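# Geometric and topological summary
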Protein chains: 2
Amino acid sequence: MPKKLIVQKYGGTSVANTGRIENAARRVVSYKKRGYDVVVVTSALGDTTDELLGLASKLTKSPSEREIDMLISTGEQVSVALLAMAVHKLGEEAISLTGAQVGIITDSSHMKARIIDINVARIRKELAEGKVVIVAGFQGMNMDREITTLGRGGSDLTAVALAKVLKAEACEIYTDVAGVYTADPRIVKNARKLDRISYEEMLELASLGAQVLQARSVEVASKFNIPIHVRSSLSAKVGTLITKEVKAMEEVLVSGITVTKGEAKVTLRDVPDKPGIAARIFGDIAKNGINIDMIIQNVSRTGHTDLSFTTTASDIQKTMRLVKKITKSVGAKEATFDKDIAKVSVVGIGMRNHSGVAATMFRALASKKINIDMISTSEIKISCVVRKKKAEEAVRTLHKAFKLGR
Amino acid sequence: MPKKLIVQKYGGTSVANTGRIENAARRVVSYKKRGYDVVVVTSALGDTTDELLGLASKLTKSPSEREIDMLISTGEQVSVALLAMAVHKLGEEAISLTGAQVGIITDSSHMKARIIDINVARIRKELAEGKVVIVAGFQGMNMDREITTLGRGGSDLTAVALAKVLKAEACEIYTDVAGVYTADPRIVKNARKLDRISYEEMLELASLGAQVLQARSVEVASKFNIPIHVRSSLSAKVGTLITKEVKAMEEVLVSGITVTKGEAKVTLRDVPDKPGIAARIFGDIAKNGINIDMIIQNVSRTGHTDLSFTTTASDIQKTMRLVKKITKSVGAKEATFDKDIAKVSVVGIGMRNHSGVAATMFRALASKKINIDMISTSEIKISCVVRKKKAEEAVRTLHKAFKLGR
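Residues numbered from 1 in each chain as written. Chains lettered and ligands numbered in written order. Predicted model: local features only at pLDDT ≥ 70, side-chain atom pairs only at ≥ 80, totals over all residues.

This next bit is on the overall build of chain A. Within chain A one finds twelve helices and 20 strands. Here the C-alpha atoms of chain A give a radius of gyration of 23 Å, agreeing with the 22 Å that 2.2 N^0.38 yields for 406 residues. Overall size of chain A, expressed as C-alpha extent along the three principal axes, is 75 × 50 × 35 Å. For chain A, buried positions account for 47% of its 406 residues. The contacts of chain A with a sequence gap of at least 6 include a subset with a gap of at least 24, amounting to 75%. (Helix = DSSP H or I, 4+ residues; strand = E, 2+ residues; numbered from the N terminus. Rg over C-alpha atoms; globule rule 2.2 N^0.38 Å. Buried ≥ 20, exposed ≤ 12 C-beta atoms within 10 Å, placed from the backbone. Contact = placed C-beta atoms within 7 Å.)

Time to look at the relation of the copies chain B and chain A. When chain B is fitted onto chain A, the two copies agree to an RMSD of 0.1 Å after a turn of 180 degrees and an axial shift of 0.1 Å. The two molecules are tied by a two-fold rotation axis, judged by turn and shift. Residues of chain B ranked by C-alpha distance from the rotation axis are headed by B:Thr74, positioned 2.6 Å from it. (Least-squares fit on C-alpha atoms with pLDDT ≥ 70 in both.)

With that out of the way, let us pick up the interface of chain B and chain A. Taken together, the contact between chain B and chain A spans 28 residues of the former and 28 residues of the latter. Counting residues per element, the ones that place at least two in the side of chain B that touches chain A are helix 1 (18-33), helix 2 (48-59) and helix 3 (65-89) of chain B. Top element by residues in the side of chain B that touches chain A is helix 3 of chain B. It accounts for 14 residues. Grouping the amino acids of the side of chain B that touches chain A by side-chain chemistry returns 15 nonpolar, eight polar and five charged. (Nonpolar A, V, L, I, M, F, W, Y, C, P; charged D, E, K, R; others polar.)

Turning our eyes to something else, we now look at the packing of helix 9 (residues 277-287) of chain A against helix 10 (residues 316-330) of chain A. Residue and element names in this part refer to chain A. It is the contact of helix 9 with helix 10, at a shortest axis distance of 10 Å, that shows an interaxial angle of 155 degrees. Viewed along their axes, helix 9 and helix 10 adopt a mutual orientation that is roughly antiparallel. Here helix 9 and helix 10 pass one another in a crossing that is right-handed. Contacts between helix 9 and helix 10 pair Ile277, Arg280, Ile281, Asp284 and Ile285 from the former with Leu322, Ile326 and Val330 from the latter. When grouped by side-chain class, the residues that make up the contact of helix 9 with helix 10 number six nonpolar, no polar and two charged. (Axes fitted to C-alpha atoms, helices over the stretch in contact; angles between N-to-C directions. Parallel < 35°, antiparallel > 145°, perpendicular 65-115°, else oblique. Left-handed = near helix turned anticlockwise from the far one by under 90°.)

Here we take up the confidence of the model for chain A. Per-residue pLDDT for chain A has a mean of 92; in total, 99% of the residues score no lower than 70. For this predicted complex, the interface confidence comes out at an ipTM of 0.85, alongside a pTM of 0.87. (pLDDT = per-residue confidence, 0-100.)

Another aspect to go through is the sheet that holds strand 20 (residues 381-387) of chain A. Pairing between the strands of a sheet is mediated by backbone hydrogen bonds and can be parallel or antiparallel. Residues and elements named next belong to chain A. Pairing in this open sheet of four strands is antiparallel, and the strands run 13-18-20-19 from one edge to the other. Two strands lie at the open edges of the sheet, namely strand 13 (256-260) and strand 19 (374-378), each paired on one side alone. For this sheet the average axis-to-axis angle between neighbouring strands, irrespective of direction, equals 20 degrees. Note that strand 13 and strand 18 (residues 341-347) share five bridges and pair antiparallel. Across the sheet, the residue bridging to Val259 is Val344, located in strand 18. Packed onto the sheet, helix 7 (residues 199-207) meets strand 13, strand 18 and strand 20 and runs at close to 170 degrees relative to strand 18. (Pairing = 2+ DSSP bridges.)

As structure tokens, this is what we get:
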């Protein structure tokens, strides 16, 4: 009978220094001693990736993406080697492997490569020899043996993808928080750790800025039905299990409240209200690689309308240069932007089958005189744009209104 | 006609920070603009390698050598990526390559691997596309694609080996000193930069602690007759050319004075003076991987003799444990050691055909009342062991006696 196999991923804070690395090693060894085959994925130590990017930005404003990947992939190579040494010290056999050595084959999109295939032969061979296999997260290689990286949070993706191809019994993501919370505990004091959450909800939370798990890794886990256990590397407590939807989940109306501050609102005033204009505007924007989140179009007045959308605040200069050109070409009056906004969202599978979540949300915000700028909804989410300075009050208000506290 | 090809190696101090990296990039680009194909080899930034080894030593006293190579090979990968970006910034095409990507094939002796073969196809392809090729020094891979490193100073070896296989016109070694000196300028104020020196002399200087070039790389250069130009990365001045012996060199009696402080003297007293005893002693020592430098055996008194040798001071505990065992087994009286010594050497091709160098050396030391503990000689070198506290005075005295000053 093949042994039970577990994939464990340790994030940057969980390997931030030699003390934390020893801590991670002890946990790895405890699973090994309990009879598991253990495959470990690590991120770079603490802020290493940002420090390396800082060096690059001192040299050039537009570094080659291929060279960035050469540069930052070293961070994970350092952490896997150190973790292997720490496991050896505890008397277990272990071997570290780079993405290239494993055979994590990606496309050639440097800094945001997609995994095409994973060769499991090397990992299987090392496991069969009784070793803990420690894989550098976040990285792979393309068909030309060039080093690639998978984008921010890519180590989560490495872990989930390995869990899939190795048919792991579980995929544990170790981080510096105890799990997924009903809201950011720094904002809401009595935020509650969720024991279980669906992939769909986690996807909304991840993309809304809960910063626990990278969205793409949740998508992959969902697609292949791989349970993910998000938990703290600093305690033995159970964290949050992310699984497919189960009946009991639907009884919970709202699972969590999130807030995102990294967006800006762009408004085009007095756009001629003719068919095809919106398509032209957003077609141009998409062609230039600018991500749009919410879109609002007001009721037409005298053949003209106002059009607003939100986008990433850090790209606002580039976006405005483009939007100003578009404004001219479609005959709109002017384009303005507003970075002083935040998006507050209510997420929950239960709201699919219940009305009244939106009403409760709007009523709660109104009770605190928090004005709503824009609204967007999906099947399991309602988002409102509010003033940035009101954002945290809005989160606390909604957390209370939906009775999410401990 | 193929273009002229130059190999340039930049040491750790020459890429210690982004300013130095930009400086190196400017020099690389200046050669490219003068019509050269340029292949660059870099060391890790400043003290990176020692910092990484420091992390490892916090985790374990006996780290796996395979994992050490995984760990420290990242240092050069960082520096090549950054240098490539700096060259791009200056408008030239460049690509960085790890040892594995080049195809620098080594044996499997981690931390001290020997180069078996270098695949030049990738470098030739990139050069043909007009790129500067920037190769991570100090590293390679074995037949199983495991990362290996070549030992301290291994980047020099990478550069010389690439110069050989690429049939380079020249191999330039950029460092933080202006070239090879008649003595350490920190000890002897008027030490003079040598314009030219033979491989043989450089080998003696390198192994005697001149710390400019790794001895193994000089051996390779000598074997394949590759001229090495050691020069400063911080000035445009010509440095020291290391070449095969030419007639003019023989006219120079002595090229330089060196001092080594990292040795200790071990003495076995009252060793029975019987055939085979020395063979037995040094056989045991060699079997245990302890390097011996000088050996002295005094005249036998009443069937017993004293035997002294010098070895690396850092290994003295291990050596003494072994020597005490040997002392007992051969019936010698006792074993003592002395770490308070230094070895001062006079090196020069010219002394081959001239007598009197030894006499001048001994007379000069005697004039300053510097006592000589041990003496050893080779065809182009005479070394004396003196008290450590007298070492620098001895160097200055000999530098003056052989009229080596500016």
